[in-house]
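Remarks on the overall topology
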Amino acid sequence: MSLLKNVGTIGGLTAVSRLFGFARDILLARVLGAGGVADAWQLAFQLPNLFRRLFAEGAFASAFVPLFNRHMAADENAARRFAGEVLAVLLPILVLFGAVMMVAMPWVLWAFANEDLRGDAATYDLAVTMGRIAFPYLMFMSLATLVAAILNSLSRFAAAAAAPILLNICLLTALTWGALQPAGEATRAATGVGLAIAVSVSGLLQLLWLYWFMRRAGFRIPRSMPRITAEVKQMGVLIVPAVFGAGVYQISRFIDLAFIRGLPDGSLTYMAMADRWNQLPLGIIGIALGTAILPALSRYIAKAEDEEAVRLQANAVELAMLLTLPCAVALFVTGFAFVKAFMEGQAFTAEDAQTTGMVTSALVVGLPAYVLVKVLTPNFFARADTRTPVYTAAASLVVTVGLNIALVPVLGVVGLALAGAIGAWVNIALLGTILARRGYFRLPPRVLGRIGRIALASGAMGAALWGLMQAITPWLDGPFLTRLAAIGAILGVSFVTYGAGTVLLGVLDKATVQRLLRRQP
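Overview of the structure.

Procedures and definitions
- Residues numbered from 1 in each chain as written.
- Predicted model: local features only at pLDDT ≥ 70, side-chain atom pairs only at ≥ 80, totals over all residues.
- Heavy atoms only, no water.
- Helix = DSSP H or I, 4+ residues; strand = E, 2+ residues; numbered from the N terminus.
- Contact = heavy atoms within 4.5 Å.
- Areas by Shrake-Rupley, 256 points an atom, 1.4 Å probe, with all protein chains shown as cover.
- Polar contact = N/O pair within 3.5 Å; in protein donor to acceptor, adjacent residues only side chain to side chain.
- Buried < 20%, exposed > 50% of the residue type's maximum accessible area, 1.4 Å probe, protein only.
- Salt bridge = Lys/Arg side-chain N within 4 Å of Asp/Glu carboxyl O.
- Expected span 1.5 Å × (residues − 1).
- Patch = residues over 30% accessible without salt bridge, like charges linked within 9 Å, V, L, I, M, F, W, Y side chains within 5 Å.
- Lys, Arg positive; Asp, Glu negative; His and termini not counted.
- Charge placed at Lys NZ, Arg CZ, Asp CG, Glu CD.
- Phe/Tyr/Trp six-rings, centres within 6.5 Å; stacked < 30°, edge-to-face > 60°.
- Core = buried A, V, L, I, M, F, W, Y, C linked by side-chain atoms within 4.5 Å.
- Axes fitted to C-alpha atoms, helices over the stretch in contact; angles between N-to-C directions.
- Parallel < 35°, antiparallel > 145°, perpendicular 65-115°, else oblique.
- Left-handed = near helix turned anticlockwise from the far one by under 90°.
- Nonpolar A, V, L, I, M, F, W, Y, C, P; charged D, E, K, R; others polar.
- Bend = angle between axes of the 7 residues up to and from the residue.

So, on to the overall build of the chain. When its secondary structure is counted, the chain shows 21 helices and zero strands. In the chain, the share of contacts with a sequence separation of at least 24, taken over all contacts with a separation of at least 6, comes to 86%. Accessible surface, the chain as shown: approximately 20,600 Å² in total, 69% of it carbon and sulfur.

Now the structure itself:
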């Protein structure tokens, strides 16, 4: 399949999952609000979820896929044996780590909880209970990531892209139950426990779903005793630096948790809700691009087909900017409108919506950079070089921490989001410079010119949206249908102005579409 079709398959199914996620967060905001039980839930859920994104979907997949593809190219039986050896070592590590974390949960949460949460003994105990119930999700999803990596390497992307829908269905079920109960602290607490149960159940369901599709594809992982073979050791060596190289966004979220400790009650919820809007394009575009190009890039580099590798990555960069720049500009200008239209109400106040909207605008400053990390780091991973992304990620994190120290006392949680965004751009600048100096990849002048025109089209769209917001902001205080009309106007102006800009500036033409649709061998 072509890059565009692969990204479309992964991104389309991810979009369905994100729509379920929006419905989930709308209910979450209205049932739990911000602060108190809401912050306790966010903290309990974010720990296993961040570990999943950082280690399983980030580092593990980045190290496993190139090695697995190398075995597949030589001998499918060798690939099966390699997968079995990895699983045999991975499973006991996950069980042991999960047991330790569940025992240590009171102390782990204490390290990240703010003063309001630590000072409320009942709510803090509830957070510990929710954290323990939800943490098995990490084990199930780490195993699911192994199966998903195999399916993606076999160019079967749909099952893995659809799996997160099960998470949102389970969470929506728990939230719907909570919304139907009488309002009060007891209901909020019971809903939080129900959410924690739903998280772990969803992890098991996703694992079973992916395993079924793997068996259907004719691939079976043989059983094996845990042994540190040469191949497993090689992957272990690659995973440690890949944690930092592929997971800079997730590491910055851990840093955010540390700084949120000193911020007022509700800050954790504001950041989580804002991140939902940032994760929509990041998940649909960034994860889809990274997932789609890593197997193909690994094959091109293994076969020394350098021209094809450069072509693939140049197309990925162009497609990333074509889709993420307008998203970033639109959310920067109108993020508050989306938060207010869909999340404000019941337990989520107008002040909560205002703060969340400001955090959203700050977060999306780094959106194109977060996506480009997913596009550029596979070039290193495909060459079994996981050290270089570590160095660039470490440099960007130093910048992020320094900016946090400077901005958080002045801007609060908004400064936290802005610091992470700037740090992400530092990471991209370093990755691009190193790739060019080593001769691995340099953007062709044609693509650079197109990116400049994409920026112009996005800027024109942003100016039109800024003017529109002056007119429709009062609509956001009206009934729900009036709010929807405001969102419809934003979407309409965005599509028309950006679409017209790309056509008038020659960004989109027949040759571009044909190039992106070109089939990958």
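After that view of the structure, there is still more to cover.
Next up on the list: the side chain of S200. With respect to the helices, strands and loops of the structure, S200 is situated in helix α10 (residues 185-216). Of note is the side chain of S200, whose polar atom sits 3.5 Å from the backbone oxygen of A134. In contact with S200, not counting residues within four places along its chain, are I133, A134, F135, P136, Y137 and F140.

Of note, T388 is situated in helix α17 (residues 387-411). On the basis of relative accessibility, which here comes to 5%, the residue T388 falls in the buried class. With sequence-adjacent residues up to four places away left out, T388 is seen in contact with F380, I434 and R438.

In this section: the pattern of salt bridges. Evaluated as defined, the whole model comprises five salt bridges. For E85, the salt bridge identified is with R227, shortest N-O distance 3.8 Å. You can see E85 sitting in helix α3 (residues 76-103) and its partner R227 sitting in the loop between α10 and α11 (230-246), a full 142 residues away along the chain. The class for E85 is buried, based on a relative accessible area of 8%. Taking the relative accessible area as the measure of exposure, R227 reaches 48% and is therefore partly exposed.

This part covers helix α19 (residues 445-472). Residues three or four positions apart in an α-helix share a direction because the helix packs 3.6 residues into each turn. With 28 residues, α19 should cover 40 Å at 1.5 Å per step; its first-to-last C-alpha distance of 40 Å lies within 8% of that length. Among the residues of α19, V447, R450, I451, I454, A457, S458, M461, G462, L465, L468, M469 and I472 are the ones counted as buried.

On to a negative patch on the surface, then. On the surface, E115, D116, D120 and D265 cluster together to form a negatively charged patch. Tracing the sequence through the fold places E115 in helix α5 (residues 115-119).

Scanning all chains against the criterion turns up nine aromatic pairs. Ring centres 5.7 Å apart and planes at 65° place the aromatic pair F68 and F219 in the edge-to-face group. With F68 in helix α2 (residues 37-74) and F219 in the loop between α10 and α11, the pair connects residues that are 151 residues apart, well separated along the chain. Classification of F68 as buried rests on a relative accessible area of 0%. Looking at F219, the relative accessible area reads 1%, which means it is buried. Aromatic ring contacts, followed pair by pair, group W41, F45 and Y137 into a single cluster.

Turning our eyes to something else, we now look at the nonpolar core. Within the largest apolar cluster, 140 residues are counted, with the highest numbers of intra-cluster contacts made by W41, F64, L210 and I490. No other element matches the 17 residues that helix α14 (residues 306-342) contributes to this core. Excluding residues that lie within four positions of it along the chain, W41 makes contacts with L28, L32, M130, L171, G192, L195, A196 and V199.

With their axes 8 Å apart at the nearest point, α3 and helix α7 (residues 136-153) run at an angle of 160° to one another. When the interaxial angle is binned, α3 and α7 end up roughly antiparallel. Like other packed secondary-structure pairs, α3 and α7 cross with a definite hand, here right-handed. Here A83, V86, L87, L90, L91, L94, V95, F97 and M102 of α3 come into contact with α7, specifically with P136, L138, M139, S142, L143, L146 and I150. Considering only residue class, the contact of α3 with α7 consists of 15 nonpolar, one polar and no charged.

Relative to the 36 Å expected for 25 residues at 1.5 Å per residue, α17 spans 34 Å between its end C-alpha atoms, a close match to the ideal helical length. Bending of α17 peaks at approximately 35° at the position of I405, with proline P409 no more than four residues after it. Every buried residue of α17 is listed here: T388, P389, V390, T392, A393, S396, L397, T400, N404, L407 and V408. In the stretch just after α17, G412 is the one whose phi turns positive, near 65°.

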